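# Structural features, examined
Chain by chain, the residues:
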Amino acid sequence: MKVWKKNLVAAAILVTVCAGIYVNWLYTEDKTAASLEDSLDTQKVMNEDTLVLSGDMEAIAAGEDVTSTATDYFAAVRLSRQQARDNAVNLLQEAMAYSGSESSKDVESAMELEEIVQTALSEAQIESLIIAKGYADCVAYMSGEGISVAVSSPEGGLQQADVAVIADIVMTQSDYSLDDIRVVEVQ
């Protein structure tokens with residue numbers, strides 16, 4: 001009896017998700033772009049050998065200080081990373097709640113959930129320490145292949161000493177070796 005109910009719930013969820021995808025497809029089908037220029041911002045499309053730049057791009061080309069661009073970048077990356085983690089955590093929690101009993105899948109889900117939390121904590125610690133060293137802002141992203149650290153560019157740009165300081169912080173706060181660390185300068 002329980003198996004029948006579980007299968008019925010799974011089928012209902014599947015039908016609901018498929019219906020949502022179909023409705024989304026119906027509403028977005030009418031909004032498809034007729035050409036590439038329709039989908040791009042007209043201020044950023046090249047016309048007749050000229051390129052019209054937006055306000056921020058004009059300021060960068062003129063050599064002015066545009067701190068909002070870098071700030072927006074870091075905020076967008078943090079938001080995207082947090083949304084991806086939240087989705088993963090919700091899926092793991094739903095999987096654990098759906099199974100209902102202590103099974104090997106629950107243990108695996110709990111371990112994945114713990115890994116996500118530990119990764120988030122490590123990234124936050126690395127970011128805090130890099131900012132404490134005097135850099136304006138940074139974002140760290142850990143993956144199985146290594147860690148990427150995007151750092152706001154100091155006045156003279158990132159020097160080898162800056163990269164060494166950042167790499168030292170990463171190596172002391174994580175298990176990554178020097179070969180696994182990528183430091184990116186954000187202008």
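Everything quoted here is computed from the prediction, not taken from an experiment. (Residues numbered from 1 in each chain as written. Predicted model: local features only at pLDDT ≥ 70, side-chain atom pairs only at ≥ 80, totals over all residues. Heavy atoms only, no water.)

When helices and strands are counted, the protein shows six helices and five strands. Across the protein, helices and strands are ordered from the amino to the carboxyl terminus as α-α-β-β-α-α-α-β-β-α-β. Counting only residues that meet the buried cut, the protein has 22% of its 187 residues in that class. Of the contacts formed within the protein by residues at least 6 apart in sequence, a portion of 51% connects residues at least 24 apart. A total of about 13400 Å² of accessible surface is found on the protein, and carbon and sulfur atoms cover 57% of it. (Helix = DSSP H or I, 4+ residues; strand = E, 2+ residues; numbered from the N terminus. Buried < 20%, exposed > 50% of the residue type's maximum accessible area, 1.4 Å probe, protein only. Contact = heavy atoms within 4.5 Å. Areas by Shrake-Rupley, 256 points an atom, 1.4 Å probe, with all protein chains shown as cover.)

Here we come to the pairing of strand 4 (residues 147–152). Here strand 4 lies mainly inside the structure; five of its six residues are buried. Of the pairings in the sheet, the one linking strand 3 (residues 138–142) to strand 4 comprises five bridges and is antiparallel in character. Directly across from Met-142, in strand 4, lies its bridge partner Ile-147. Taking the residues that link successive antiparallel strands as the turn, the strand 3-strand 4 hairpin has four residues. As paired elements, strand 4 and strand 5 (residues 181–186) share six bridges and run parallel to each other. Considered in strand 5, the bridge of Ser-148 is made with Arg-182. As a crossover connection, the stretch from strand 4 through helix 6 (residues 160–173) into strand 5 is right-handed. (Pairing = 2+ DSSP bridges. Right-handed = clockwise from strand over helix to strand, strands pointing away.)

What follows covers the confidence of the model for the protein. For the protein, mean pLDDT is 75; residues scoring 70 or higher make up 73% of the total. The model gives residues 32–61 a pLDDT under 50, and that stretch makes 22 contacts with residues more than four places away or in other chains. (pLDDT = per-residue confidence, 0-100.)

All right, on to the side chain of Ser-174 then. By the element assignment, Ser-174 lies in the loop between helix 6 and strand 5. Side-chain polar atoms of Ser-174 contact the backbone oxygen of Val-170, separated by 2.6 Å. There is a polar contact of 3.5 Å between the side chain of Ser-174 and the backbone nitrogen of Tyr-176. (Polar contact = N/O pair within 3.5 Å; in protein donor to acceptor, adjacent residues only side chain to side chain.)

A surface patch of nonpolar side chains, about 460 Å² in accessible area, is lined by Val-9, Ile-13, Val-17, Ile-21 and Tyr-98. A relative accessible area of 45% places Val-17 in the partly exposed class. (Patch = residues over 30% accessible without salt bridge, like charges linked within 9 Å, V, L, I, M, F, W, Y side chains within 5 Å. Salt bridge = Lys/Arg side-chain N within 4 Å of Asp/Glu carboxyl O.)

Sheet architecture is open: three strands sit in the order 3-4-5, paired in mixed fashion. Two strands bound the open sheet, and with one partner strand each, they are strand 3 and strand 5. For this sheet, the mean inter-axis angle between neighbouring strands, taken without regard to orientation, is 15°. Here helix 6 sits on the sheet in contact with strand 4 and strand 5, set at roughly 135° to strand 5. (Axes fitted to C-alpha atoms, helices over the stretch in contact; angles between N-to-C directions.)

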